[in-house]
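Chains, contacts and geometry: an overview
Listed below are the residues making up each chain.
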Amino acid sequence: MNIKQLLVDKTKAAFVKVGLPDSTNTGVTQSTKVEFGDYQINGAMAAAKLLKTNPRALAEQLLGALDLTDIASKVEIAGPGFINVTLKPEFIAAQLTQAAASPRLGVSENTAPQTVVVDYSAPNLAKEMHVGHLRSTIIGDAVVRALEFWGDKVIRQNHMGDWGTQFGMLIAHLEDKLAQGVDLESVALADLEDFYREAKKRFDDEAGFADKSRDYVVKLQSGDAHCQKLWQLFIDTSVKHSEEVYRKLNVTLGHEHIKPESAYNDMLAPIVDELKAKGIAVEDQGALVVFLHELADKEGNPSPFIIQKTGGGFLYATTDLAACQYRSHELAVDRIVIFTDARQALHFKQVELVARKAGLLREQTSYEHAPFGTMMGEDGKPFKTRTGGTVKLAELLDEAVSRALETVKAKSSDLTDDEIAEVARKVGIGAVKFADLSKNRTSDYIFSWDSMLSFEGATAPYLQYAYTRVRSILRRAGVDDSFQAPMQLLESQEKQLGLKVLQFEETLQQVMKDAQPNLLCNYLYELSGLFMGFYEACPILKDGIEPSVRDSRLMQSILVSKLLAKGLDLLGIDVMEKM
RNA sequence: GCACCCGUAGCUCAGCUGGAUAGAGCACUGCCCUCCGGAGGCAGGGGUCAGAGGUUCGAAUCCUCUCGGGUGCGCCA
């Protein structure tokens with residue numbers, strides 16, 4: 001059930017009745033304050049401005065044309081022309097009853113499913129995954145889960161960096177190691193980070209090594225069998241490492257979703273030729289460049305976008321263009337969403353412009369870069385280890401779990417050691433993910449163990465705790481999820497909670513549209529808060545509660561528990577029966 | 001130099017297509033355990049929404065400028 005959409009439709013009908021065009025913005029939103037009812041219609045004031053009439057008078061007219069019988073118990077005009085709508089408790093109760101019986105928790109059917117490529121995680125296989133990969137991985141995964149729950153067809157693409165310049169360096173170093181008789185698995189690739197550092201040091205310091213590295217890149221990219229074999233060993237090991245991290249993180253990315261840079265290799269030369277033939281790209285200082293006048297500065301200097309290096313090498317720009325063609329034409333998707341660092345914003349703007357010019361992106365394919373900010377340490381500078389190194393993601397997650405273990409041990413009484421370990425895993429990983437997902441995607445955020453693991457306020461453990469509390473009531477009542485009873489909303493807390501339950505779909509839509517899981521985090525936190533209030537004010541199993549009231553409240557509790565579990569699941573966070 | 005992002009309570013952050021008296025959490029102060037799980041609830045103090053103009057019935061939100069912070073800008077990804 002999408003109440004907002006229902007009100008938008010009703011309001012639109014009323015607008016048309018009073019002679020306004022169908023396209024008029026209705027301005028329907030959830031009310032900002034309880035005194036203003038449940039929803040407010042703000043469109044009358046803007047419409048009055050266009051018509052140059054009195055907003056209050058227009059609101060009166062609209063009120064006459066607006067048919068909210070069976071939906072609203074009160075519709076009134078306030079201030080300069082707000083229309084405040086208070087919903088009938090019976091209407092909310094009826095919708096809740098439907099939601100309780102629905103496997104989609106009341107979310108309406110997706111009548112126009114889209115096909116969407118979601119490009120996320122994309123670690124560089126030359127190195128171990130570090131904290132910089134966390135955001136792309138979990139934000140992308142949350143959006144993917146939301147889209148799939150809604151019913152869109154999602155094609156996950158893990159655009160792994162396996163083809164860049166550093167690989168020449170790594171292969172050269174690996175070859176030397178092997179020549180020294182070093183065992184591949186146990187030494188050379190045991191720690192990707194160390195290996196990369198050694199190779200980089202040689203690249204910077206050792207005479208001749210840099211040239212050798214560059215030769216290896218060319219050999220690799222031109223299909224030299226020996227190079228490819230070494231490269232493959234490297235890739236396999238690195239992929240295995242990434243997949244371990246995905247398992248730890250509870251992320252849905254699997255082997256089948258890997259679509260690395262090298263996959264586009266054969267498409268690069270033809271695309272470059274085509275751009276050149278069409279005159280979109282021109283030679284400049286030895287390189288092949290597209291000059292973008294759309295992104296010119298004040299003096300009219302166009303923004304340059306290099307698609308082929310001097311000497312013929314391709315760049316990530318070329319690969320991204322190829323990805324456009326593959327996704328928009330071969331996969332024929334409606335939408336492409338790419339989760340990367342905000343620093344690449346200009347790059348993706350350029351890619352889209354060039355791809356559109358060249359027809360690599362069909363008009364009907366939307367191309368969306370979903371940027372995110374940097375994770376900072378508590379000093380406000382990019383998050384590093386004490387010694388200034390990058391923080392490995394696997395180690396960060398292990399620390400989260402071990403920190404959670406301490407707290408869970410201290411707070412839990414009737415759990416076995418195994419159960420405690422399991423709860424700690426879910427709480428620790430959940431805490432890291434929620435702390436990140438709950439922040440606005442586009443801004444930088446400060447990573448703090450203390451605030452995410454204090455388990456108070458807007459944190460994963462708070463939500464997990466709310467869930468266990470509901471489940472505890474249901475256990476005690478001896479009801480399961482199939483329990484059915486008529487709903488009645490007596491107390492204001494019951495109505496507020498019920499309304500929030502029904503607003504899940506509105507939140508879900510916004511999360512998918514803007515690729516912003518933080519809205520779902522906010523929603524779940526508000527839902528939990530309202531449940532806690534309901535729980536305090538509306539006794540369920542206490543003596544003297546009418547059976548019909550108790551049953552209705554049990555229904556409400558079941559819905560909340562399902563919603564919490566589903567909502568957290570969409571964020572990739574597990575719940576547990578006890579903690 | 002040019003472009004993009006950001007500046008909201010002591011701290012961390014919300015604030016949706018412009019809406020009514022700018023909201024949470026942490027920290028601080030004071031209440032609530034004859035309880036259905038206190039990892040909780042209730043109440044309170046705390047703000048020049050960086051600053052200045054502008055657009056209008058109405059601006060944290062849109063436009064311009066200034067200050068402050070970050071990032072990017074021809075052969076890395």
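Residues numbered from 1 in each chain as written. Chains lettered and ligands numbered in written order. Predicted model: local features only at pLDDT ≥ 70, side-chain atom pairs only at ≥ 80, totals over all residues. Heavy atoms only, no water.

**Description of the environment of G498**
Its place among the elements puts G498 in helix α18 (residues 492–502). With 33 residues separating them along the chain, G498 and F531 place their C-alpha atoms 9.5 Å apart. (Helix = DSSP H or I, 4+ residues; strand = E, 2+ residues; numbered from the N terminus.)

**Describing the protein's contact with RNA strand B**
The full set close to RNA strand B counts 64 residues, and E261, K309, Y316, N440 and R469 are the nearest of them. Backbone atoms, meaning sugar plus phosphate, form 56% of the atoms of RNA strand B positioned within 4 Å of the protein. Contact between RNA strand B and N84: a base nitrogen at 2.5 Å from a side-chain N or O atom of the residue. Separating a phosphate oxygen of RNA strand B from a backbone N or O atom of I446 is a distance of 2.7 Å. Those elements that place two or more of their residues in the surface near RNA strand B are β1 (28–30), α2 (43–51), β4 (82–87), β8 (287–292), β13 (445–446), α17 (460–477) and α20 (518–537). With 7 residues, the top contributor of residues to the surface near RNA strand B is α17. The class makeup of the residues in the surface near RNA strand B is 27 nonpolar, 19 polar and 18 charged. (Near = heavy atom within 4 Å. Polar contact = N/O pair within 3.5 Å; in protein donor to acceptor, adjacent residues only side chain to side chain. Nonpolar A, V, L, I, M, F, W, Y, C, P; charged D, E, K, R; others polar.)

**Quick look at the pairing of strand β6 (residues 153–157)**
Successive residues of a regular strand alternate their side chains across the two faces of the sheet. Burial runs high along β6: 4 of the 5 residues are buried. Where strand β5 (residues 115–119) and β6 come together, 5 bridges link them in parallel fashion. Across the sheet, V118 pairs through a bridge with R156, a residue of β6. A crossover connection joins β5 to the parallel β6 through helix α5 (residues 134–150); in handedness this β-α-β unit is right-handed. (Buried < 20%, exposed > 50% of the residue type's maximum accessible area, 1.4 Å probe, protein only. Pairing = 2+ DSSP bridges. Right-handed = clockwise from strand over helix to strand, strands pointing away.)

**A closer look at the layout of surface pockets**
Estimated volume of the second largest pocket: approximately 710 Å³. If you go around the second largest pocket, you meet 25 residues; those closest to its centre are K4, E506, T507, Q509 and Q510. Top contributing element to the lining of the second largest pocket by residue count: helix α19 (residues 504–514), with 6 residues. (1 Å grid on protein atoms, 1.4 Å probe; cavity = no way out; pocket = protein on both sides within 12 Å on 5 of 7 lines; lining within 4 Å. Points joined across faces, edges and corners; volume = space filled by probe spheres on them.)

**Side note on the pattern of salt bridges**
This model, assessed by the stated rule, comprises 35 salt bridges. The partner of K248 in a salt bridge is D398, and the shortest N-O contact between them spans 3.2 Å. With K248 in helix α10 (residues 225–249) and D398 in helix α14 (residues 393–411), this residue pair connects regions lying 150 residues apart in the sequence. Exposure remark for D398: the relative accessible area of 39% places this residue in the partly exposed category. One salt bridge in this structure joins R471 and E577, with 3.1 Å as the shortest N-O distance. One end of the pair, R471, is in helix α17; the other, E577, is in the segment after α21 (547–570), with 106 residues separating them in the sequence. (Salt bridge = Lys/Arg side-chain N within 4 Å of Asp/Glu carboxyl O.)

**A look at the sheet that holds β4**
The strand order across the open sheet built from 4 strands is β1-β2-β4-β3, with neighbouring strands paired in antiparallel fashion. The outermost strands of the open sheet, each flanked by one partner alone, are β1 and β3 (72–78). Neighbour-to-neighbour, the strand axes of the sheet open up by a mean angle of 25°, direction not taken into account. Alignment of strand β2 (residues 39–41) against β4, held across 3 bridges, turns out to be antiparallel. Counted as the bridge partner of I41 is I83 from β4. Contacting β3 and β4, helix α3 (residues 55–65) crosses the sheet at an angle of about 160° to β3. (Axes fitted to C-alpha atoms, helices over the stretch in contact; angles between N-to-C directions. Contact = heavy atoms within 4.5 Å.)

**Topic: unusual backbone geometry**
The phi dihedral of A122 falls on the positive side, at around 40°, and the residue is not glycine. With respect to the helices and strands, the residue A122 is situated in the loop between β5 and α5. When its relative accessible area of 29% is taken as the criterion, A122 is described as partly exposed. At N250, a position not held by glycine, the phi torsion is positive, near 60°. Position of N250 relative to the elements: it lies in the loop between α10 and α11 (265–277). The partly exposed category is assigned to N250, whose relative accessible area is 24%.

**Observations regarding the confidence of the model for chain A**
Across chain A, the average pLDDT comes to 92, with 99% of residues at or above 70. Confidence metrics for the complex model read pTM 0.96 and ipTM 0.96. (pLDDT = per-residue confidence, 0-100.)

**Regarding the side chain of S31**
Position of S31 among the secondary structure elements: in the loop between β1 and β2. The exposure class of S31 is buried, given its relative accessible area of 18%. Here the side chain of S31 touches G37 through a polar contact of 3.3 Å, landing on its backbone oxygen. What S31 contacts, discounting residues up to four positions off in sequence, is F36, G37, D38, Y39 and Q40.

**Brief notes about the packing of α5 against helix α15 (residues 417–437)**
One can describe the packing of α5 onto α15 by two numbers: an axis separation of 10 Å at closest approach and a directional angle of 85°. As summarised for this structure, α5 and α15 are arranged roughly perpendicular, according to the angle between their axes. Along its contact with α5, which presents L134, R135, I138, I139 and A142, the element α15 presents V432, K433, D436 and L437. In the contact of α5 with α15, the residues fall into 6 nonpolar, no polar and 3 charged. (Parallel < 35°, antiparallel > 145°, perpendicular 65-115°, else oblique.)

**Section: the packing of aromatic side chains**
Following the criterion strictly, the structure yields 11 aromatic pairs and no others. Judged by centre distance (5.2 Å) and plane angle (75°), the rings of W163 and W231 are edge-to-face. Of this pair, W163 sits in the loop between β6 and α6 (166–179) while W231 sits in helix α10, placing them 68 residues apart in sequence. On the numbers, 5.5 Å between centres and 55° between planes, the contact of F195 with F234 is tilted. Residue F195 is located in helix α8 (residues 192–205), and its partner F234 is located in helix α10; the two are separated by 39 residues in the primary sequence. Both residues of the pair, F195 and F234, belong to the buried class. Through a chain of ring-to-ring contacts, the aromatic side chains of F149, F504 and Y523 assemble into a single cluster. Just above the ring of F149 sits the side chain of R104; from NZ or CZ to the centre is 5.7 Å. (Phe/Tyr/Trp six-rings, centres within 6.5 Å; stacked < 30°, edge-to-face > 60°. Lys NZ or Arg CZ within 6 Å of the ring centre and 35° of its normal.)

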